[in-house]
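Structure assessment
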Amino acid sequence: MAFLRLSAFAGAIAASVLAFGSFSSGALAADVIKIGVTPVPHADIVNLIKPKLEKEGVELKVIEFNDYVQPNLALDSKELDANFFQTVPYLEEFAKQHNFKFTILVPVHLEPMAVYSKRVKSIKDIPTGSRIAVPSDPTNEGRALKVLESTGLIKLREGATLLATTVDIVENPKKLSFYELEPAQLPRALDDVAAAVINANYALQAGLNPAHDSIAIESKSSPFANVVVVRTGEENEPKFQKLKAAITSPEVKKFIEEEYKGGVLPTF
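Criteria and thresholds
- Residues numbered from 1 in each chain as written.
- Predicted model: local features only at pLDDT ≥ 70, side-chain atom pairs only at ≥ 80, totals over all residues.
- Heavy atoms only, no water.
- Pairing = 2+ DSSP bridges.
- Helix = DSSP H or I, 4+ residues; strand = E, 2+ residues; numbered from the N terminus.
- Contact = heavy atoms within 4.5 Å.
- Axes fitted to C-alpha atoms, helices over the stretch in contact; angles between N-to-C directions.
- Buried < 20%, exposed > 50% of the residue type's maximum accessible area, 1.4 Å probe, protein only.
- Polar contact = N/O pair within 3.5 Å; in protein donor to acceptor, adjacent residues only side chain to side chain.
- Phe/Tyr/Trp six-rings, centres within 6.5 Å; stacked < 30°, edge-to-face > 60°.
- Lys NZ or Arg CZ within 6 Å of the ring centre and 35° of its normal.
- Parallel < 35°, antiparallel > 145°, perpendicular 65-115°, else oblique.
- Left-handed = near helix turned anticlockwise from the far one by under 90°.
- Nonpolar A, V, L, I, M, F, W, Y, C, P; charged D, E, K, R; others polar.
- 1 Å grid on protein atoms, 1.4 Å probe; cavity = no way out; pocket = protein on both sides within 12 Å on 5 of 7 lines; lining within 4 Å.
- Points joined across faces, edges and corners; volume = space filled by probe spheres on them.

Taken together, 5 strands build an open sheet; the order of strands is 9-6-10-5-11 and the sheet is mixed. Each end of this open sheet is capped by a strand with a single partner; those strands are strand 9 (177–181) and strand 11 (216–217). Pairing of strand 6 (residues 131–135) with strand 9, which is carried by 5 bridges, proceeds in the parallel orientation. By the bridge assignment for strand 9, R131 is matched with S177. Of the strands in this sheet, strand 5 (114–116), strand 6, strand 9, strand 10 (195–198) and strand 11 are in contact with helix 5 (residues 140–151), which crosses strand 6 at around 135 degrees.

Dropping the structure here:
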């Protein structure tokens, strides 16, 4: 009888351990954040804060993408918990087109869009009839065209928005031709065009710094801050509030300023 009671007691302990283990695993799973990013500077920044978040009980799983579409699709389908790659205007337009319910957790930095060339040292030296490469995706193309307009190379129709495309060009005195390419392809196109307007993250990946290597650069008053995004209704969860605090810490600000030397600007 004593043996049976002891065995039953041991079984109860084992069951309790298993139950506790299941509870612990569930608790740990609740503190995982799968975040989708593009490589530079986004992946650099989130990898910097991983150790800090781990100490606070949050495991940050970083998943890299090389395009501007899949990270939002993956967030909506719950393959990701958050993403960090896009600007506010791009987010607003993408969410509107796809009827996604996303919320900005926090703005982190500005990546100035800029014009680069391997053939000329000044924007005014671009020859008549030259080929210019621009991003093909919504808002980034309009953003690039507005950068070119600010240099005087072109003029867009009155009222042109960030959804402008090359058909909205109404003045083109140098008879430039425009090639719309996926943003990631733009640095590789520099050998084949007179100039290319490139997003800073892809420029940095190619070893180009907007502050030092460009022949024209977007104004610092640009509204194109890069933001961390989550699904609407989840932004106040403790794990996301910890992510928000970590990614806007003084350590991150110092890292951005020292690592990118003006090519990326903190917005906090």
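So, on to the sheet that holds strand 2 (residues 59–64). Strands pair in a sheet through their backbones, by hydrogen bonds, and they do so in one of two ways: parallel or antiparallel. Spatially, 6 strands are ordered 2-1-3-12-4-13 in an open sheet, and the strand pairing comes out mixed. Edge positions in the sheet fall to strand 2 and strand 13 (265–266), since each has one partner strand and no second.

Next up on the list: the environment of D67. Looking at where D67 falls in the secondary structure, it is placed in the loop between strand 2 and helix 3 (70–76). Overall, D67 belongs to the partly exposed group, its relative accessible area being 23%. The spatial distance from the C-alpha of D67 to the C-alpha of E182 is 8.2 Å, given a sequence separation of 115 residues. Other than its neighbours up to four places away in sequence, D67 contacts T38 and Y202. Reaching out from D67, the side chain makes a polar contact with the backbone nitrogen of V69 at a distance of 2.7 Å. Within the structure, D67 has its side chain in polar contact with the backbone nitrogen of Q70 (distance 2.8 Å).

A few words on the side chain of D168. Following the sequence through the fold, D168 ends up in the loop between strand 7 (155–156) and strand 8 (169–171). A relative accessible area of 11% places D168 in the buried class. Only 2.9 Å separates the side chain of D168 from the backbone nitrogen of T165, close enough to count as a polar contact. Ignoring anything within four residues of it in the chain, the contact list for D168 reads K155, L156 and R157.

Evaluation of the coordinates by the stated rule reveals 8 aromatic pairs. Ring centres of Y68 and Y202 lie 5.5 Å apart, and the angle between their planes is 40 degrees; this geometry places the pair in the tilted category. Residue Y68 is found in the loop between strand 2 and helix 3, and its partner Y202 is found in helix 7 (residues 200–205); the two are separated by 134 residues along the sequence. Residue class for Y68 comes out buried when judged on its relative accessible area of 8%. Look at F94 and F100: their rings are 6.0 Å apart centre to centre, the planes differ by 40 degrees, and that puts the pair in the tilted class. In this structure F94 comes out as buried when scored by relative accessible area, which is 7%. Of the aromatic side chains, those joined through ring pairs into one cluster are Y68, F85, Y90, F94, F100, F102 and Y202. The residue whose ring lies beneath R131 is Y179, and the NZ or CZ to ring-centre distance is 5.5 Å. It is R143 that lies over the ring of F224; its NZ or CZ is 4.1 Å from the centre.

When two helices pack together, their arrangement is given by the angle between the helix axes and the distance between those axes. It is the contact of helix 2 (residues 39–55) with helix 10 (residues 250–260), at a shortest axis distance of 11 Å, that shows an interaxial angle of 140 degrees. Taken together, the axis directions place helix 2 and helix 10 in an arrangement best described as oblique. Note that helix 2 runs across helix 10; the crossing there is right-handed. In this structure, helix 2 uses V40, P41, D44, I45, L48 and I49 to contact helix 10, whose residues at the interface are E251, V252, F255, I256 and Y260. In the contact of helix 2 with helix 10, the residues fall into 9 nonpolar, no polar and 2 charged.

Right, let's talk about empty space enclosed by the protein for a bit. One pass over the structure, following the stated rule, counts 1 cavity of 30 Å³ or more. Space inside the largest cavity adds up to approximately 110 Å³. If you go around the largest cavity, the residues you meet are Y68, F85, Q86, T87, Y90, E111, N140, R143, N199, A200, N201 and N226. Elements with a minimum of two residues in the lining of the largest cavity: strand 3 (82–87), helix 5 and helix 7.

A separate point is the packing of helix 2 against helix 9 (residues 238–247). As a packed pair, helix 2 and helix 9 sit with axes 10 Å apart at the nearest point and diverge in direction by 120 degrees. Here helix 9 runs oblique to helix 2, going by the angle between their axes. When the axes of helix 2 and helix 9 are compared, the crossing they make is right-handed. Here I45, V46, I49, K52 and L53 of helix 2 come into contact with helix 9, specifically with K242, L243, A246 and I247.

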